[in-house]
Amino acid sequence: MDLIGKFKKGLSKTRDILLTDVNELFSMDRKIDESLFEELEEILVMSDLGIDITMEIMEKVSKKSRKLSTADELKEVFKDELKALFPVKEETLLNDPKAKPHVIMVVGVNGTGKTTTLGKLALKYKSEGKKVLIAAADTFRAAAIEQVEIWADRASVSIVKHRAGADPAAVAFDGVEAGMARGMDVVLIDTAGRLHTQKNLMDELRKIKRSVSKRMPGAPHEVLMVLDATTGQNALSQAKLFNEAVGVTSLALTKLDGTAKGGIVAAVAKSMKAPLKYIGIGEGVEDLQEFDAEIFVDALFD
Amino acid sequence: MFDNLSDKLNAVFKKLKGRGTLTEKNIEEGLKQVRLALLEADVNYRVAKKVISDIKERALGQDVMDSLTPGQQIVKIVYDEFTTMMGDEHEALNFGGATPASIMLVGLQGSGKTTTAGKLALFLRKNGRKPYLVPVDVYRPAAIEQLQKLGSQIGVPVFPSTAQMAPVDICTEAVRSAINEGCDTLLIDTAGRLHIDEELMAELEAIKKSIKPSEILLVADAMTGQDAVNIAESFDKRLNLGGVILSKMDGDARGGAALSIKAVTGKPLKFIGVGEKTTALEPFYPDRMASRILGMGDTLSFIEKAQEAVDIKKAEELEKKLRKNQFTLEDFMDQISSVRKMGSIKELIGMLPGINKKQLAGMNIDDREFVRIEAIINSMTPQERRDHAIIKGSRKKRIAMGSGTTVQDVNKLLKSYTQAMKVVKKFNKGGLRSLKNMLPF
């Protein structure tokens, strides 16, 4: 199946991920008037895009709308504005021979689905024939190590773990070391969820990153921040503080299979200039998909 | 908590209060800003619209316009409307119906159900009940282990569920074994899934039917955006919720969900989770929360926390000691540990009225500082603690080594202790009767 088809299939139950009823709003043979704009604003706010971006889009769209007469024409303008929210995706470094193993550190606040996303990534890389190792560096939350062990089992990949309460930086260090010694292609580092406002916990995260790059200069090659689609404007503050601490390089948006629109990710991607790489649209392993803004926005309007 | 919203609102109010008279235009401009602040705080779009129109209706009345302090009046109106929006009064947990009583916790994955179950168990035990934790999440890897570990941390019995058991069977068996264990309140930690997951909803309904819980509580993440209302509505439709617990309020969450859920579903917010520790769960009071949001502080919660943490007998003993100038480093440490029991210092200061939140953010209070102080005092001999004057060079060196600090740290502590003692002596000479409220810092 081609990428677009696959993506649309994934979207079949989440067609309305970012914006519901948008098409409906435009397809009606409506005039461009105050009430159309008000409904548009409501839709944008309800998608958690945030008031700043909403205002920005509304302003641009309304400026351009002066030359237009029907809502249908406005649709293209609107589509372009939405696409412009997502920065261009960077090439993945996975095939860079110098970066072997490719070290990915997974971070985020509590309960966004870090471990699940990491587990799905392990399965994905494994199915691509890569040698994968997981470092269970969430030594804090009760039973977190057991959870990641179950994922390692499922994906039949290696795992490096210490006991609960151990220094996570040491686990990460050992994980990278084992990855290098055993000729792994990918090392995934699971970290404990933490609120971005807890200074000491963010310092701990910095330390994990430092110890990883100590063992392997240039690593981690990727810092994947996992965001929950139901999160509101707080995601901006999460992203900012995580970025300050460990330099987020890409984003994953989980739990998009509910009714949340996840619009905040656009604001996050825009403010950090880090691409949205994966979206989680279900419990199944195949439900972690690569994200492409172009296809995504087009699919919304089909 | 609500800091962003508070800042924005206070900026608006400052402008309004600065004027002697208010025109309709002034008020409308101000309310526009309030609306933006609400939307930025994730308050539901429709709820924001309704609240603003309610405030506007009252604010444009003659009473306000004619008032000598129109700005002040508007703050009062906003306070009233926020309180109403959040539910007016605190609603307590319901234990009626079958004995033992059961409380079911439901919610999305990652909302904090399991952690909240542990916190709630501890809260119930403090309030004289005998909780029994029942893990029913047989799907998420290691979810049962997580609750079992939490249970053993706080010393609350946990039903030995296994991932092979059916959820309804777990619940019915748990009721029997709760009675055997002499427990009177079951806390049922259900599996987290999306609210549109039909299978899960059916499972929750089956559990509800089999054990007839006295209370079904939705655990929702304070960081949730506009979807919070949809989530609450779908759970409520299927299960008829008794209330909501909002978790993770300790971050810089906008908390707008808190302001919206009651307004849309009519179901009250009963508790808020305010930290990682198992004690970090607070009953929710709409009026107190409204005054926190509007930067008027929450002294009531502060006093309650102090009462919870401070032992009255010990306080009286302390008063005597202070009066006789016999307040030793040992007592000093007791004081510190009871203050720490109340929660993080930052959170406590945030409850006091008139504290500038921005200044607070810049202060960067590190709770670990107290760990250091404790370590230093713990490294002293009993004699040294009773008589700090004997602590000289070599003793200082030993104490610093023992506590993993430096001699400077030890000096700093001794200095702040002697300064506190000087203040106490002055008070004693001045004949101030009660020093009960005087903490050493």
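Residues numbered from 1 in each chain as written. Chains lettered and ligands numbered in written order. Predicted model: local features only at pLDDT ≥ 70, side-chain atom pairs only at ≥ 80, totals over all residues. Heavy atoms only, no water.

Caption draft 1: The overall build of chain A, seen in detail. Regarding its fold elements, chain A presents twelve helices and eight strands. Taking all 302 residues of chain A together, 58% fall into the buried category. When contacts within chain A are restricted to residue pairs at least 6 apart in sequence, long-range pairs at least 24 apart make up 77% of them. Working note: accessible area of chain A is about 12400 Å², and carbon and sulfur atoms make up 51% of it. (Helix = DSSP H or I, 4+ residues; strand = E, 2+ residues; numbered from the N terminus. Buried < 20%, exposed > 50% of the residue type's maximum accessible area, 1.4 Å probe, protein only. Contact = heavy atoms within 4.5 Å. Areas by Shrake-Rupley, 256 points an atom, 1.4 Å probe, with all protein chains shown as cover.)

Caption draft 2: Summary view of the overall build of chain B. The helix and strand tally for chain B stands at 21 helices and seven strands. Taken across its 441 residues, chain B has 52% of its residues classed as buried. Put simply, 74% of the contacts in chain B that link residues at least 6 apart link residues at least 24 apart. For chain B, the exposed area adds up to about 20500 Å²; of that, 52% sits on carbon and sulfur atoms.

Caption draft 3: Molecular detail of the sheet that holds strand 2 (residues 132-137) of chain A. Residues and elements named next belong to chain A. Taken in spatial order, the eight strands make up an open sheet running 3-2-4-1-5-6-7-8, and their pairing is mixed. In the strand order of this sheet, the two ends are held by strand 3 (158-160) and strand 8 (288-290), each with one partner. On average, each strand axis in the sheet is tilted by 25 degrees relative to the strand beside it, whichever way the strands run. Here five bridges tie strand 5 (residues 222-228) to strand 6 (residues 250-254), and the two strands are oriented parallel to one another. Among the inter-strand pairings, Leu-227 is bridged to a residue of strand 6, identified as Leu-253. Seen against the sheet, helix 7 (residues 144-154) touches strand 2, strand 3 and strand 4 (186-191) and runs at an angle of roughly 170 degrees to strand 2. Lying on the sheet, helix 11 (residues 264-272) is in contact with strand 5, strand 6 and strand 7 (276-280); it crosses strand 6 at an angle near 175 degrees. (Pairing = 2+ DSSP bridges. Axes fitted to C-alpha atoms, helices over the stretch in contact; angles between N-to-C directions.)

Caption draft 4: Layout of the packing of helix 4 (residues 51-65) of chain A against helix 2 (residues 24-40) of chain B. At a closest axis distance of 9 Å, the pairing of helix 4 of chain A and helix 2 of chain B adopts a crossing angle of 115 degrees. Contact residues: Ile51(A), Asp52(A) and Met55(A) in helix 4 of chain A; Leu36(B), Leu39(B) and Glu40(B) in helix 2 of chain B. A per-class count over the contact of helix 4 of chain A with helix 2 of chain B returns four nonpolar, no polar and two charged. (Nonpolar A, V, L, I, M, F, W, Y, C, P; charged D, E, K, R; others polar.)

Caption draft 5: Examining the sheet that holds strand 6 (residues 269-273) of chain B more closely. Residue and element names in this part refer to chain B. One open sheet holds the seven strands; their spatial order is 2-3-1-4-5-6-7, and the pairing between them is mixed. Each edge of the open sheet carries a strand with a single partner, namely strand 2 (131-135) and strand 7 (281-283). The average angle at which neighbouring strand axes cross in this sheet is 25 degrees, direction not considered.

Caption draft 6: Geometry of the UniProt feature "domain: SRP54-type proteins GTP-binding" (unreviewed entry) in chain B. Following the UniProt record, one finds the feature "domain: SRP54-type proteins GTP-binding" (unreviewed entry) at residues 268-281 of chain B. Spanning residues 268-281 of chain B, this segment combines 0% helix with 43% strand, and its end C-alpha atoms are found 16 Å apart. (UniProt positions renumbered as here; feature names shortened; annotations may be inferred.)

Caption draft 7: Main features of the pattern of salt bridges. Residue and element names in this part refer to chain B. Within this structure, the stated rule accounts for 33 salt bridges over all chains. Between Lys-50 and Asp-54 there is a salt bridge whose closest N-O contact spans 2.8 Å. Of this pair, Lys-50 and Asp-54 are both found in helix 3 (residues 45-59), four residues apart, which corresponds to roughly one turn of the helix. Two residues, Asp-221 and Lys-248, come together in a salt bridge whose shortest N-O distance is 2.9 Å. In this pair, Asp-221 sits in strand 4 (residues 215-221) while Lys-248 sits in the loop between strand 5 (243-247) and helix 11 (256-265), placing the two residues 27 residues apart along the sequence. Per residue, the accessibility class of Asp-221 equals that of Lys-248, and both read buried. (Salt bridge = Lys/Arg side-chain N within 4 Å of Asp/Glu carboxyl O.)

Caption draft 8: View of the environment of Leu251(A). Residue and element names in this part refer to chain A. Within the fold, Leu-251 resides in strand 6. Separated by twelve residues in sequence, Leu-251 and Ala-239 have C-alpha atoms that sit 9.4 Å apart. Residues in contact with Leu-251, not counting those within four places in the same chain, are Leu-224, Met-225, Leu-227, Val-265, Val-268, Ala-269, Met-272, Ala-274, Pro-275, Leu-276, Lys-277 and Tyr-278.

Caption draft 9: Expanded view of the confidence of the model for chain B. Residue and element names in this part refer to chain B. With 82% of its residues at a pLDDT of at least 70, chain B reaches an overall mean of 81. Helix 17 (residues 357-363) is the least confidently modelled element of chain B, averaging 53 in pLDDT, while strand 2 averages 95, the highest of any element. Taken as a whole, residues 431-441 scores under 50 in pLDDT and shows 21 contacts with residues more than four places along the chain or in a different chain. (pLDDT = per-residue confidence, 0-100.)

Caption draft 10: Up close: the interface of chain A and chain B. Taken together, the contacts link 41 residues of chain A with 38 residues of chain B. Taking both sides of the interface into account, the surface hidden between chain A and chain B amounts to around 3500 Å²; carbon and sulfur atoms contribute 55%. The interface formed by chain A and chain B includes four salt bridges. With a shortest N-O distance of 2.6 Å, Glu42(A) and Arg46(B) are connected by a salt bridge. Here chain A and chain B share twelve residue pairs in polar contact (both at pLDDT 80 or more) between them. Mapped by element, the contributors of at least two residues to the side of chain A that touches chain B are helix 3 (34-46), helix 4, helix 7, helix 9 (199-215) and helix 10 (234-246) of chain A. (Buried area = accessible area lost by both parts, 1.4 Å probe. Polar contact = N/O pair within 3.5 Å; in protein donor to acceptor, adjacent residues only side chain to side chain.)

Caption draft 11: Summary view of the packing of helix 6 (residues 113-126) of chain B against helix 7 (residues 143-154) of chain B. Residues and elements named next belong to chain B. In contact at an axis separation of 9 Å, helix 6 and helix 7 are set at 25 degrees when each is read in the N-to-C sense. As the angle between them shows, helix 6 and helix 7 are arranged roughly parallel. Where helix 6 crosses over helix 7, the two elements pack in a sense that is right-handed. On helix 7, the residues that touch Thr-114, Thr-115, Ala-117, Gly-118, Ala-121, Leu-122 and Arg-125 of helix 6 are Gln-146, Leu-147, Leu-150 and Ile-154. Looking at side-chain class alone, the contact of helix 6 with helix 7 contains six nonpolar, four polar and one charged residues. (Parallel < 35°, antiparallel > 145°, perpendicular 65-115°, else oblique. Left-handed = near helix turned anticlockwise from the far one by under 90°.)

Caption draft 12: The arrangement of the UniProt feature "domain: SRP54-type proteins GTP-binding" (unreviewed entry) in chain A in detail. Sequence positions flagged by UniProt for "domain: SRP54-type proteins GTP-binding" (unreviewed entry) are, in local numbering, residues 275-288 of chain A. Here residues 275-288 of chain A runs as 0% helix and 43% strand, with 16 Å between its end C-alpha atoms.

Caption draft 13: Structural detail: the side chain of Thr112(A). Within the secondary structure layout, Thr112(A) lies in the loop between strand 1 (102-107) and helix 6 (114-127). Other than its neighbours up to four places away in sequence, Thr112(A) contacts Val226(A), Leu227(A), Asp228(A), Thr254(A) and Lys255(A).

Caption draft 14: Focus on unusual backbone geometry. Geometrically, the link from Ala219(A) to Pro220(A) is a cis peptide bond, its omega value of -10 degrees lying close to zero. Tracing the chain through its elements places Pro220(A) in the loop between helix 9 and strand 5. In this structure, Asp48(A) takes a positive phi of about 65 degrees despite not being glycine. With a phi close to 45 degrees, Lys212(B) is a non-glycine residue in the positive phi region. Inspection of the secondary structure puts Lys212(B) in the loop between helix 9 (198-211) and strand 4. Looking at Lys212(B), the relative accessible area reads 59%, which means it is exposed.

Caption draft 15: Expanded view of the nonpolar core. Core analysis: the largest hydrophobic core is formed by 147 residues, its most contacted members being Ile189(A), Leu251(A), Phe82(B) and Phe235(B). Tyr125(A), Ala155(A), Val186(A) and Leu188(A) belong to the second largest nonpolar core, which has 21 residues in total. (Core = buried A, V, L, I, M, F, W, Y, C linked by side-chain atoms within 4.5 Å.)

Caption draft 16: Spotlight on the environment of Ser47(A). All names here are of chain A. Tracing the sequence through the fold places Ser-47 in the loop between helix 3 and helix 4. The buried category is assigned to Ser-47, whose relative accessible area is 2%. Taking the C-alpha atoms as reference points, Ser-47 and Gly-262, separated by 215 residues in sequence, lie 6.4 Å from one another.

Caption draft 17: Spatial organisation of a negative patch on the surface. Residues Asp88(B), Glu89(B), Glu91(B) and Asp287(B) make up a contiguous surface patch of negative charge. Judged by relative accessible area, which is 42%, Asp88(B) ranks as partly exposed. (Patch = residues over 30% accessible without salt bridge, like charges linked within 9 Å, V, L, I, M, F, W, Y side chains within 5 Å. Lys, Arg positive; Asp, Glu negative; His and termini not counted. Charge placed at Lys NZ, Arg CZ, Asp CG, Glu CD.)

Caption draft 18: How the structure looks around helix 7 of chain B. Residues and elements named next belong to chain B. End to end, helix 7 covers 17 Å across twelve residues, agreeing with the expected 16 Å (1.5 Å per residue, within 8%). Of the positions making up helix 7, those classed as buried are Ala-143, Ile-144, Gln-146, Leu-147, Leu-150, Gly-151 and Ile-154. Along the long axis of helix 7, the arc covered by the buried residues comes to 160 degrees, so they all point the same way. Those residues of helix 7 that are exposed and angled more than 90 degrees off the buried face are Ser-152 and Gln-153. Close packing links the buried residues of helix 7 with helix 6, strand 2 and strand 3 (185-189). Looking one or two residues beyond helix 7, the residue adopting positive phi is Gly-155, at roughly 70 degrees. (Expected span 1.5 Å × (residues − 1). Arc of directions from axis to C-beta.)

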